[in-house]
Amino acid sequence: MSERAFEGLYEDTPRIRPLSPESAQQLAEEADRHLAHLERTLPEREVSLSAALRKNGISRREFLKWSAFMAATLGLPPSFDTRIARAAELSVRLPIIWQELQSCTGNSEALLRNSNPSVDTLILELLSIEYAEVLMAAAGYQAEEVLEQAIQRYKGQYIAVFEGSVPLGLEGRYLTIGPHGTTGVEIVKKIAKNALAVINAGTCAAYGGIPMAAPNPTSALGVQDFLRKERIRVPVINLPGCPVNSVNIVGTILEYVLFGRIPQLDAYNRPLWAYGQRIHDKCERRGHFDAGEFVEGWSDLKGLKEGYCLYKVGCKGPFTFNNCGVVRFNQGTSWPVQVGRGCIGCSEPGFWDRLTPFEAPVAYRVYQPPILNDATADRLGRWALGLAGVGIVAHAAMTALKAFLERKEEVTKSQEPPKGE
Ligand code: SF4
Ligand code: SF4
């Protein structure tokens, strides 16, 4: 497959690790070693990705095209396309326990209920999910037994995926799971303690999300904060989003299968390849923002038709780190800003409290950057973002002032008596 065919993708994708030929070679050798190790050690399964691809009419060529796209998304060289394909085949043998907590199950539903599955949704369907309430046929005592067996059989080898927050109120009894009334608190502890790594799928698991919004009636906590509180030491990867994009889940799993380690993370434990850039930095409406061309309100038909910037109708793209504009949703068809709905900042901590109202610009009130409690480089970056908010206000104010002065000049001119009178 020629690199040229994917030039567009490479231009659009965050390159978090520009690689010299030597380091690309080293990375390739590292991946080959780990893939060979997993091929020998992962449990065999009756199902295979190749068979599922054939059954769903996805050709080898399309599969390799997808692999090249995933390589680009992960910031890897084009030569990794065949390794990604190998990793995808292997990923469906990786033991995974997927536990629902205080959530709407929106992430599972969005990822799996797809009438026309793409490669990533097929991988998610086939993943060796040892226990997932939304998917499995077992219920009650039988389901509890399945969970217990999976934990014992794959102790220290499985990935735990959590969806939803952990409610601590009423001694955890806001959420009980199974016929014995086991609390969510107990279940998270048991699963996380024995896991190889934890992936928090969606904003509720990552930071508490909507259940944790003020007044937080169930005393909900994101899984990462809960594990810290309980001093459970396990690598945690946060994949926020409401819902999380399937590309980000599959990419994270592929990266583990390729290299046997978790990806580079930001201060909120989000993979940099997916959350390293602001929505605003990759937005197709950015040119209009820079030119001061905004949709002024939902009745501004001209602005809407022209595809102007949605900042003044509440877009939180300048404050939000995610790759929605690059990977998009529904097999790369579209994303909210493309269809005329501003970003609501769903992948940011506390978005429901800090970034509402969704229809009004953040800069119309004080934006509080999360700083001074843990001044890491990323948080300082966010503080700079707070300043960017000020800059945006200034930008919007200057645009408005310029327009006002131009209008005033026009009115004054129209009121001046014609020359010669
Ligand atoms: S404010 Fe929103 S719509 Fe405007 S350029 Fe930024 S991300 Fe795009
Ligand atoms: S565009 Fe913004 S609100 Fe929409 S999914 Fe992406 S991060 Fe969340």
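Quick note: structure is the one above.
Residues numbered from 1 in each chain as written. Chains lettered and ligands numbered in written order. Predicted model: local features only at pLDDT ≥ 70, side-chain atom pairs only at ≥ 80, totals over all residues. Heavy atoms only, no water.

Chemist: Go over empty space enclosed by the protein, please, and point to the residues and values.
Modeler: The gaps left among the atoms become clear once a water-sized probe is rolled over them. Applying the stated rule across the entire model yields four cavities of 30 Å³ or more. When its volume is computed, the largest cavity comes out at roughly 100 Å³. Forming the boundary of the largest cavity are 14 residues, of which H280, C283, C309, C315 and V337 lie nearest the centre. Considered class by class, the residues forming the lining of the largest cavity number 10 nonpolar, two polar and two charged. (1 Å grid on protein atoms, 1.4 Å probe; cavity = no way out; pocket = protein on both sides within 12 Å on 5 of 7 lines; lining within 4 Å. Points joined across faces, edges and corners; volume = space filled by probe spheres on them. Nonpolar A, V, L, I, M, F, W, Y, C, P; charged D, E, K, R; others polar.)

Chemist: Before we move on, can you summarise the sheet that holds strand β3 (residues 159-163) with the specific residues and values?
Modeler: With parallel pairing, the five strands of this open sheet are ordered in space as β2-β1-β3-β7-β9. Here the strands that pair on one side only, and so sit at the sheet edges, are β2 (129-132) and β9 (236-239). Here the strands of the sheet are splayed against their neighbours by 15° on average, with no regard to which way each runs. In this structure, strand β1 (residues 96-100) lies alongside β3, joined through five bridges in parallel fashion. (Pairing = 2+ DSSP bridges. Helix = DSSP H or I, 4+ residues; strand = E, 2+ residues; numbered from the N terminus. Axes fitted to C-alpha atoms, helices over the stretch in contact; angles between N-to-C directions.)

Chemist: So what about the site of ligand 1? Which residues, and what values?
Modeler: Every one of the 13 residues lining ligand 1 counts as a neighbour, but H280, C283, C309, L310 and C315 are closest to it. With respect to the detected pockets, ligand 1 is housed in the largest cavity. Residues that form the shell around ligand 1 fall into these classes: nine nonpolar, two polar and two charged. (Near = heavy atom within 4 Å. Sits in = over half its atoms within 2 Å of the grid points.)

Chemist: Go over unusual backbone geometry, please, and point to the residues and values.
Modeler: With an omega dihedral of 10°, the bond running from A214 to P215 counts as a cis peptide bond. Here P215 is to be found in the loop between α10 (203-207) and β8 (220-221). Cis geometry marks the peptide bond from C242 to P243; its omega dihedral reads 5°. Topologically, P243 is positioned in the loop between β9 and α12 (246-259). Even without glycine at this site, T105 takes up a positive phi of about 60°. Along the chain, the position of T105 falls in the loop between β1 and α6 (106-112). Look at T105 and you get partly exposed, because its relative accessible area is 21%. The phi torsion at R328 lies on the positive side, around 60°, for a residue other than glycine. (Buried < 20%, exposed > 50% of the residue type's maximum accessible area, 1.4 Å probe, protein only.)

Chemist: Account for the site of ligand 2, naming residues and giving values.
Modeler: Residues in close proximity to ligand 2 include T320, N322, C324, F329, W335, P336, C343, I344, G345, C346 and S347, which together make up its full environment. For the shell around ligand 2, the residue count by class is seven nonpolar, four polar and no charged.

Chemist: Residue-level account of helix α5 (residues 81-91), with values.
Modeler: For α5, the tally of buried residues reaches eight of 11 residues, placing the bulk of the element in the interior. Turning to α5, its buried residues number three or more, namely D81, R83, I84, A85, A87, A88, L90 and S91. Those residues of α5 that are buried lie in contact with α2 (21-41), α3 (49-55), α4 (60-73), α7 (119-126) and α12. (Contact = heavy atoms within 4.5 Å.)

Purely spatial values, then, with no claim about function.
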